[in-house]
Amino acid sequence: REGYLRGASVLVTGSPGTAKTTLGGAFAEAACRRGERVLFVTFDSQASEVVRNLASVAIRLDAPRVRPRMSYLTSRSSACSAEAHLLRIKAAARRHRARCVVIDPVSALAKRGNEQTAHHVIERLVDWAKAEGVTLFCTSLLAHADPQAESTPLQISTIADTWLHLGYVARSGERNRTLTVIKSRGTGHSNQVREMI
C-alpha cells in the first residue's frame, strides 16, 4: 500500500498560491471517501470559503459521501494564544472522533506574539497525534521569500515525518507549480522535482 503512515505528521510548505490548501483538501476528501473522519482546521477563512474554493478544482468536500465525515474548526489566528488553539483543536478532534486532522496553515499559530510558545505547541500537537493514531496534515508558509532556504516557521520541518515543498518555475511565458518530496520517513519516495497540475 502507498500513502502516509497512520499517525504520521505531514508538512506541506510553499509560498502563497502554490496549492497548499488544495493538497490539504485532496487529502481530506480521500480520507472521507475511505470512511475516515476528518477535522479540517482553517485559520482566517470560513469553512464555506474553503469548500467553495476547493470545488473549483474538483475537490468536493460537500459531496454526500464526504460531508458526514467532515468537521470544521475555524478561528482567527489572533483570537487566542497558540496554547488555547491547541486545546480547541484537540477537543474538536476528540468530539468528532477524527482519524485525520488538516491544519491550514499551522504557521498561523506563530502570529500575534505567539512566536515564543508556538514551536512547543506544535511539538505537543505532533506528539498527541502520534499517541492517538491521528494522521496530521499541516500546511505552512515559508519563513523566507526564497524557496531555496527550505526553512519553516516554528522549525516544524524538523519534526514532520513527511515534508512536501511546493514552488513555482517560470519559463516560456508560463508559471508552473512544482512539488518536491524533501523527506518521508519510512517510505520510498522520489527525489525529483515534479510539476504539480
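Just above, that's the structure.
What you are looking at is a predicted structure, and each value in this text was computed from that prediction instead of being measured. Within each chain, residue numbers correspond to sequence positions counted from 1 in written order. Local features in this predicted model are restricted to residues of pLDDT 70 or higher, and side-chain atom pairs are both shown and tallied only at a pLDDT of 80 or more, whereas totals for entire chains, interfaces and linings draw on every residue. As a rule here, side-chain values cover all heavy atoms of the structure and leave hydrogens and water aside.

**Q** What is the right way to look at the side chain of Ser75 in this model?
**A** Working definition: helices are DSSP H or I runs of at least four residues, strands are E runs of at least two. Numbering for both runs from the N terminus. Along the chain, Ser75 falls in strand E3 (residues 70-75). A polar contact is formed between the side chain of Ser75 and the side chain of Arg88, at a distance of 3.2 Å. We call two residues in contact when some of their heavy atoms are within 4.5 Å. If we ignore the near neighbours within four places in the chain, the residues touching Ser75 are Thr42, Phe43, Asp44, His85 and Arg88. Think of a polar contact as two N or O atoms within 3.5 Å of one another; within protein, one of them needs to be a possible hydrogen donor and the other a possible acceptor, and neighboring residues in sequence only count if both atoms come from side chains.

**Q** What should I look at first to understand the pattern of salt bridges in this one?
**A** It is possible for side chains of opposite charge to pair when their charged atoms get near one another. Basic side-chain nitrogens of Lys or Arg form a salt bridge, by our definition, when they fall within 4 Å of a carboxyl oxygen of Asp or Glu. Applying the stated rule across the entire model yields 7 salt bridges. Its salt-bridge partner being Glu83, residue Arg124 comes within 2.5 Å of it at the nearest N-O pair. Placement of the pair is Arg124 in helix H4 (residues 115-132) and Glu83 in helix H3 (residues 82-96), with a sequence separation of 41 residues. Working definition: with a 1.4 Å probe on protein chains only, accessible area under 20% of the residue-type maximum means buried, over 50% means exposed, and in between means partly exposed. Residue classification places Arg124 among the partly exposed residues on the basis of a relative accessible area of 38%. For the salt bridge of Asp161 with Lys130, the shortest nitrogen-to-oxygen distance reads 2.5 Å. One end of the pair, Asp161, is in the loop between strand E5 (135-141) and strand E6 (162-171); the other, Lys130, is in helix H4, with 31 residues separating them in the sequence. A cluster of three or more residues bridged by salt bridges with shared partners is formed by Arg6, Arg34 and Glu36.

**Q** Teacher, can you tell me more about the pairing of strand E2 (residues 38-43) here?
**A** Consecutive side chains of a regular strand alternate in pointing toward one face of the sheet and then the other. Along E2, 6 of the 6 residues are buried, which leaves the element largely enclosed by surrounding structure. Side chains Val38, Phe40 and Thr42 project from E2 onto one buried face, and the interleaved Leu39, Val41 and Phe43 project onto a second face that is buried too. In the sheet, E2 pairs with E3 via 6 bridges, with the strands oriented parallel. When the bridges of E3 are listed, Phe43 appears paired with Ser75. With 5 bridges joining them, E2 and strand E4 (residues 100-104) adopt parallel strand pairing. Counted as the bridge partner of Thr42 is Asp104 from E4. Paired strands, in this sense, are two strands between which DSSP finds at least two bridges.

**Q** So what exactly am I meant to see when it comes to the sheet that holds E4 here?
**A** The strand order across the open sheet formed by 8 strands is E3-E2-E4-E5-E1-E6-E7-E8, and the pairing between neighbours is mixed. Edge positions in the sheet fall to E3 and strand E8 (194-195), since each of these pairs with one other strand and no more. Note on geometry: axes are lines fitted to C-alpha atoms, helical ones only across the stretch in contact, with angles between N-to-C directions running from 0 to 180 degrees. Across the face of the sheet, H3 comes into contact with E2, E3 and E4 while running at roughly 165 degrees to E3.

**Q** Quick question: what am I supposed to make of the nonpolar core here?
**A** Remark: nonpolar core denotes a set of buried residues (Ala, Val, Leu, Ile, Met, Phe, Trp, Tyr, Cys) joined through side-chain atoms within 4.5 Å. The biggest cluster of nonpolar side chains holds 27 residues, and the ones touching the most others in it are Leu39, Val41, Ile89, Val101, Ile103 and Leu136. Elements with a contribution of two residues or more to this core: E2, H3, E4, H4 and E5. If you tally residues by element for this core, the top one is H4, at 7 residues. Residue contacts for Val101: discarding those within four places in its chain leaves Leu39, Val41, Ile89, Ala93, Val134, Thr135, Leu136 and Phe137.

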